[in-house]
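# Descriptive structure summary
So the chains spell out like this:
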Amino acid sequence: MKIGRYYITDKDKTSYCVVKGESLSEIKSGAFGKVKMGLRGKYHADKAMPLAPVEPSKIVLVGLNYKDHAKELGMPLPSEPVIFLKPPTAIIGPRQNISYPPYVTRLDYEAELALVIGKKARSVKEDDARDYILGYTCLNDVTARCLQKKDIQWTRAKSFDTFCPVGPFIETDIDPSNLRIKLYLNGKVRQSSCTSNLIFPVEKLISFISGIMTLLPGDVIATGTPAGVGPMQVGDTVKVEIEGIGSLINKVTD
Ligand code: MG
């Protein structure tokens, strides 16, 4: 099942919907509780504007987590995940613009598989971790690389408004362990890998992170980016594509 969040133009309201082709079935009880379909309304996709499919209390991201990226950087594999946060205010949806901040000299894309938490998770065991996942989506961990290098903390480099494109849907019925992930910049492939290259798989990440902070329904965990990270310029179009989920497309503007 694909779950999206939409602004329904002729009703002037925002709703979570189950997506089947061009048909949107409004979810009655919220995407993160028990999903009841079609009880409030059905809409055609041309009457709706797609929004980011999440409204998290927090976005937790993982640093170096692909074997190919570690090899590319000549870095040893980490012994435990390195995590950081982005604020929810950084989120934008499909087709919304990434703003290039005026004093940034290098702005990078990072294609990532993100998972969305379905129920409150605290100190979850790896064996139980999948029970806490609602589904999966695409995320671009936009990074002001120049500021990441300059600052000791990563917060400024990762947290500008628009630095967290997410979408287009949450796919609930997919095995995350072996999905092709690609990033296209102006139509050319820049990153191409597979989630089988993850150093720490999603179960380990949920167990590790939920042992530190309580994860709430709708919270997002981004699982790290593969090899091939590089810069974007004003005017570029960037697309994160993950097998079985879809494509997240955004443009860079000043
Ligand atoms: Mg990243």
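Let us look at the structure shown here. Being a predicted model, the structure only gives us computed values, none of them experimental. (Residues numbered from 1 in each chain as written. Predicted model: local features only at pLDDT ≥ 70, side-chain atom pairs only at ≥ 80, totals over all residues. Heavy atoms only, no water.)

### Concerning the layout of surface pockets
Quantified by volume, the largest pocket comes out at close to 470 Å³. Lining the largest pocket we find 24 residues, and of these His69, Leu73, Glu110, Arg145 and Gln148 sit closest to its centre. Only helix 1 (67-73) and helix 2 (145-150) provide two or more residues apiece to the lining of the largest pocket. A class-by-class count of the residues in the lining of the largest pocket yields nine nonpolar, six polar and nine charged. By volume, the second largest pocket amounts to about 190 Å³. (1 Å grid on protein atoms, 1.4 Å probe; cavity = no way out; pocket = protein on both sides within 12 Å on 5 of 7 lines; lining within 4 Å. Points joined across faces, edges and corners; volume = space filled by probe spheres on them. Helix = DSSP H or I, 4+ residues; strand = E, 2+ residues; numbered from the N terminus. Nonpolar A, V, L, I, M, F, W, Y, C, P; charged D, E, K, R; others polar.)

### A closer look at the sheet that holds strand 9 (residues 97-99)
The mixed open sheet is built from five strands, whose spatial order is 9-20-19-15-16. Strand pairing shows two members of the sheet lacking a second neighbour, strand 9 and strand 16 (188-194), which therefore form its edges. Strand-to-strand twist of the sheet, defined as the mean angle between neighbouring strand axes without regard to direction, takes the value 20°. Looking at chain direction, strand 19 (residues 237-242) and strand 20 (residues 246-253) are connected through six bridges and run antiparallel. In the sheet register, Val240 faces strand 20, and the bridge partner there is Leu248. (Pairing = 2+ DSSP bridges. Axes fitted to C-alpha atoms, helices over the stretch in contact; angles between N-to-C directions.)

### Topic: the coordination of the magnesium ion
The textbook angles at a metal center are 109.5 degrees for a tetrahedron of four donors and 90 or 180 degrees for an octahedron of six. Bound to the magnesium ion on the protein side are Glu110 (OE), Glu112 (OE) and Asp141 (OD), at distances that span 2.0 to 2.1 Å. Sequence spacing among the residues donating to the magnesium ion works out to E-x1-E-x28-D. Residue classification places Glu110 among the buried positions, given a relative accessible area of 7%. (Donors = N, O, S within 2.8 Å, 3.2 Å for Na, K, Ca; no water. Buried < 20%, exposed > 50% of the residue type's maximum accessible area, 1.4 Å probe, protein only.)

### Some details on the pattern of salt bridges
This structure, assessed with the given rule, holds 15 salt bridges. Note that Asp141 and Lys86 form a salt bridge whose closest N and O atoms lie 2.9 Å from each other. Of the two residues, Asp141 sits in the loop between strand 12 (133-140) and strand 13 (143-144) while Lys86 sits in strand 7 (residues 83-86), which places them 55 residues apart along the sequence. Lys86 matches Asp141 in its accessibility class, with the two residues each being buried. As a salt-bridge pair, Lys158 and Asp141 come within 2.9 Å of each other at their nearest N and O atoms. Here the residue Lys158 occupies a position in helix 3 (residues 155-159), and Asp141 occupies one in the loop between strand 12 and strand 13, the gap between them amounting to 17 residues. Exposure class is identical for Lys158 and Asp141. Each is buried. Through salt bridges with shared partners, a single ionic network connects Lys86, Arg106, Asp108, Glu110, Asp141, Arg145 and Lys158. (Salt bridge = Lys/Arg side-chain N within 4 Å of Asp/Glu carboxyl O.)

### Regarding unusual backbone geometry
Residue Pro168 is bonded to the preceding Gly167 through a cis peptide linkage, with omega at 0°. With respect to the helices and strands, the residue Pro168 is situated in strand 14 (residues 164-171). Here Ser123, not a glycine, exhibits a phi torsion of approximately 50°, which is positive. In this fold, Ser123 is placed in the loop between strand 11 (111-117) and strand 12.

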